[in-house]
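# Understanding the architecture of this molecule
These are the residues of each chain, in order.
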Amino acid sequence: MVSRVIPVETFDLVIFGATGDLATRKIFPGLYRRFWAGQIPPESRIIGAARSDMTPEGFREQVRKAIDEFVSTDKKDAATIDAFLGRIGYVPIDAKGTGGWDKLKAEMRPGVVSAFYFSVAPALFGDLAERLHSFEIATPESRIVVEKPFGRDLASARALNATLAAHFREEQIYRIDHYLGKETVQNLMAVRFANILFEPLWNSQYVDHVQITVAETVGVGGRGSYYDKSGAMRDMVQNHMMQLLCLIAMEPPYHFDPNAVRDEKLKVIRALDPVRPEDIVRGQYARQNGQPGYIEDSENPQSRTESYIALKVHISNWRWKGTPFYLRTGKKLRARASEIAITFREPPHSIFDDAAGWRENVLTIRLQPNEGMNLMVMIKEPGPGGMRLTQVPLDMSFAEALGEEGADIPDAYERLIMDVIRGNQTLFMRGDEVEAAWAWTDPIIGGWESSEDRPKPYDPGSSGPDDSLMLMHRDGRRWREIRE
Ligand code: BG6
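Report follows, based on the coordinates.

Quick look at the pattern of salt bridges now. Tallying each qualifying case throughout the model produces 41 salt bridges. The network of salt bridges with shared partners includes Lys148, Glu216, Arg223, Asp235 and Lys331.

What follows is the structure, encoded as structure tokens:
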């Protein structure tokens, strides 16, 4: 299967925070890969902007190193790299002052798509938005891209939305949740809404429960003091896992259109029940074999921040009443594995003896790694004996099924930045969506902050604290094994 690459329009893209970690690891390598693929017209320009006083040549050398480190060898050739670097400029800028802004204005070309990527601390969003406006750099068609964290609670998210809204319309604001840029996450919508097969069963009458797991093997070492102010609930659940939950639970939008999709997601968030404290388990990875535990990594001996969380969530609407969604995510777990598993109910009546053996149908969508789908179905155990049943997988790896194209999945940022240029907001969070997610999260976090509650320790390389097993056992269910 040959991948189709449709070039975007010529653009001027300014990256604020161009010397930062995200720009180095994701944004520039991602843009290079799109350039290599022929999606970025050669007349486009990418302008780095940051505090450092650097020449454009010096900056281009930095980008060259980033490409060297973060792009795979099969996509690197000297001529393409030089051509890409030839499209890159740099302007030292004072986000809180006036330095550099006139120079930046001079770099922008009228008549091409303009976008401004705020890859900086949220405290600077307001300053950047204001200056883009007062120096008349942004036009009514310009787009701004903002990174997470989008606030740390409802009040701060509202304040951020208001700050941006003072200078930009909602149609110009692209709030990134990089999970939405993952190919397999978008596949959730394709699987649900491009097949007749699943949708009739996609409700509490047929679905017993849903498990959403995002497990990581890395700890928080290196970013511990930042992470400690956040924790798994703010870092992963309020945004990435919430988005996964929405895509699984939402009603079919009338069209694959930005606002139609986001309207449906918003309805799911608004239908979430408050979570009972007994339905939440928080954990912190322990010290092991001389390896620092969370407490050391966070550099906060008193830390009560969770590096793991499991919770049971209910959605109060017609479709889902009575079907629990179990969510869990954590650092330093036994494998890096993200998946969504839909467990279906028993058939209403079994015509086979109990001894024949029966197990539930489970549809698993593997988000990463080994992206694919698996449906566990019952068949007859082969052989001349009586009628005995056995469970077998209908297993599909996207890489195998789609060949080269399936194996070469673009990074989330590549997709998302191209969508910004295309002016397509479907995979970006709308302001009201983010606020609704915080409105649900705030009381949960508030409950921990006002109690003496401490996360439970768990061993690195395990599946999380033992209490999280109880969360399922209590309901007569089990977590799926975390494995790649
Ligand atoms: C980020 C979180 O948003 O997502 C990190 O801040 C987390 O803590 C990361 O590790 C996970 O992303 P991915 O794409 O590696 O699953």
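To continue, consider the packing of helix 10 (residues 258-270) against helix 15 (residues 431-449). Where helix 10 contacts helix 15, the two axes come as close as 9 Å, and the packing angle between them is 15°. Classified by the angle their axes make, helix 10 and helix 15 are roughly parallel. Here helix 10 runs over helix 15; the crossing is left-handed. Of helix 15, the residues touching helix 10 (which contributes Arg262, Lys265, Leu266 and Ile269) are Asp432, Glu433, Ala436 and Ala437. The residue inventory of the contact of helix 10 with helix 15, partitioned by class, reads four nonpolar, no polar and four charged.

Moving on, we get to the sheet that holds strand 3 (residues 88-92). The parallel open sheet is built from six strands, whose spatial order is 3-2-1-4-5-6. The sheet is open, and its two borders are formed by strand 3 and strand 6 (173-175), each paired with just one other strand. In this sheet, neighbouring strand axes are inclined to one another by 20° on average, regardless of whether the strands run parallel or antiparallel. Sitting on the sheet, helix 2 (residues 56-70) is in contact with strand 2 (45-50) and strand 3, with an inclination near 120° to strand 3. Strand contacts of helix 14 (residues 412-422): strand 1 (11-16), strand 4 (113-118), strand 5 (143-146) and strand 6, with the helix running at about 135° to strand 4, the strand carrying the most contacts.

This next bit is on the site of the ligand. Every residue lining the ligand is accounted for by Lys148, His178, Tyr179, Lys182, Glu216, Arg223, Asp235, Met236, His240, Lys331, Arg336 and Gln368. Take lysine 182: an N or O atom from its side chain is 2.6 Å from an oxygen atom of the ligand. Within the side chain of lysine 331, a nitrogen or oxygen atom sits 2.7 Å from an oxygen atom of the ligand. Taking 400 Å² as the accessible area of the ligand by itself, protein coverage stands at 79%. Residue composition of the shell around the ligand, grouped by class: two nonpolar, three polar and seven charged.

Computed from the structure, the second largest pocket encloses a volume of approximately 900 Å³. As for the second largest pocket, its lining consists of 29 residues, and the residues nearest its centre are Arg359, Val362, Trp479, Arg480 and Glu481. Elements with a contribution of two residues or more to the lining of the second largest pocket: strand 7 (207-215), strand 11 (337-344), strand 12 (362-368), strand 13 (372-380) and helix 16 (466-473).

To continue, consider the pairing of strand 1. Within strand 1, six of the six residues are buried, which leaves it mostly tucked inside the rest of the structure. Every second residue of strand 1 is oriented toward a common face, with Phe11, Leu13 and Ile15 on one face and Asp12, Val14 and Phe16 on the other, all of them buried. Relative to strand 4, strand 1 is paired through six bridges, and the arrangement is parallel. In the sheet register, phenylalanine 11 faces strand 4, and the bridge partner there is valine 113. Relative to strand 2, strand 1 runs parallel, the two being bridged by five bridges.

With 16 residues, helix 1 (residues 21-36) should cover 22 Å at 1.5 Å per step; its first-to-last C-alpha distance of 22 Å lies within 8% of that length. Every buried residue of helix 1 is accounted for by Ala23, Ile27, Phe28, Pro29, Gly30, Leu31, Tyr32, Arg33, Arg34 and Phe35. Glycine 38 lies just past helix 1 and shows a positive phi near 85°.

Take the packing of aromatic side chains next. Inspection of every chain in the model, using the stated rule, returns 17 aromatic pairs. With 5.9 Å between their ring centres and 70° between their planes, phenylalanine 16 and phenylalanine 118 make a pair best called edge-to-face. Within this pair, whereas phenylalanine 16 is found in strand 1, its partner phenylalanine 118 is found in strand 4, the two being separated by 102 residues in sequence. A relative accessible area of 1% means that phenylalanine 16 is categorised as buried. The interplanar angle of 75° and the centroid separation of 5.5 Å between the aromatic rings of phenylalanine 28 and phenylalanine 59 together place this pair among those described as edge-to-face. With phenylalanine 28 in helix 1 and phenylalanine 59 in helix 2, this pair connects stretches of sequence that are 31 residues apart. Accessibility expressed as a relative area gives 1% for phenylalanine 59, which makes it buried. Of note, lysine 182 hangs over the ring of tyrosine 179, and the distance from its end group to the ring centre comes to 4.6 Å.

Before going further, it helps to spend a moment on the nonpolar core. The biggest cluster of nonpolar side chains holds 141 residues, and the ones touching the most others in it are Phe16 and Phe118. Ranked by residues supplied to this core, first place goes to helix 9 (residues 231-249) with twelve residues.

As summarised here, the arrangement of the nine strands in space is 14-13-12-11-7-10-9-8-15, forming an open sheet in which the pairing is mixed. Looking along the sheet, the strands with just one partner apiece sit at the ends: strand 14 (389-397) and strand 15 (456-458). Taking the axes of each pair of neighbouring strands and ignoring which way they run, one obtains an average angle of 20° across the sheet.

For the rest of this paragraph, the subject is the side chain of glutamine 425. Mapped onto the secondary structure, glutamine 425 falls in the loop between helix 14 and helix 15. Look at glutamine 425 and you get buried, because its relative accessible area is 8%. A polar atom in the side chain of glutamine 425 sits 2.9 Å from the backbone oxygen of isoleucine 173.

Quick look at empty space enclosed by the protein now. Considering all chains together, one arrives at four cavities of 30 Å³ or more under this definition. Empty space within the largest cavity amounts to approximately 110 Å³. Lining the largest cavity are 15 residues, with Phe150, Gln238, Asn239, Met429 and Val434 positioned closest to its centre. Going through the elements one at a time, helix 9 and helix 15 are the ones with two or more residues in the lining of the largest cavity. No other element matches helix 9, which puts five residues into the lining of the largest cavity. Split by residue class, the lining of the largest cavity holds eight nonpolar, four polar and three charged.

Procedures and definitions
Residues numbered from 1 in each chain as written. Predicted model: local features only at pLDDT ≥ 70, side-chain atom pairs only at ≥ 80, totals over all residues. Heavy atoms only, no water. Salt bridge = Lys/Arg side-chain N within 4 Å of Asp/Glu carboxyl O. Axes fitted to C-alpha atoms, helices over the stretch in contact; angles between N-to-C directions. Helix = DSSP H or I, 4+ residues; strand = E, 2+ residues; numbered from the N terminus. Parallel < 35°, antiparallel > 145°, perpendicular 65-115°, else oblique. Left-handed = near helix turned anticlockwise from the far one by under 90°. Contact = heavy atoms within 4.5 Å. Nonpolar A, V, L, I, M, F, W, Y, C, P; charged D, E, K, R; others polar. Pairing = 2+ DSSP bridges. Near = heavy atom within 4 Å. Polar contact = N/O pair within 3.5 Å; in protein donor to acceptor, adjacent residues only side chain to side chain. Areas by Shrake-Rupley, 256 points an atom, 1.4 Å probe, with all protein chains shown as cover. 1 Å grid on protein atoms, 1.4 Å probe; cavity = no way out; pocket = protein on both sides within 12 Å on 5 of 7 lines; lining within 4 Å. Points joined across faces, edges and corners; volume = space filled by probe spheres on them. Buried < 20%, exposed > 50% of the residue type's maximum accessible area, 1.4 Å probe, protein only. Expected span 1.5 Å × (residues − 1). Phe/Tyr/Trp six-rings, centres within 6.5 Å; stacked < 30°, edge-to-face > 60°. Lys NZ or Arg CZ within 6 Å of the ring centre and 35° of its normal. Core = buried A, V, L, I, M, F, W, Y, C linked by side-chain atoms within 4.5 Å.

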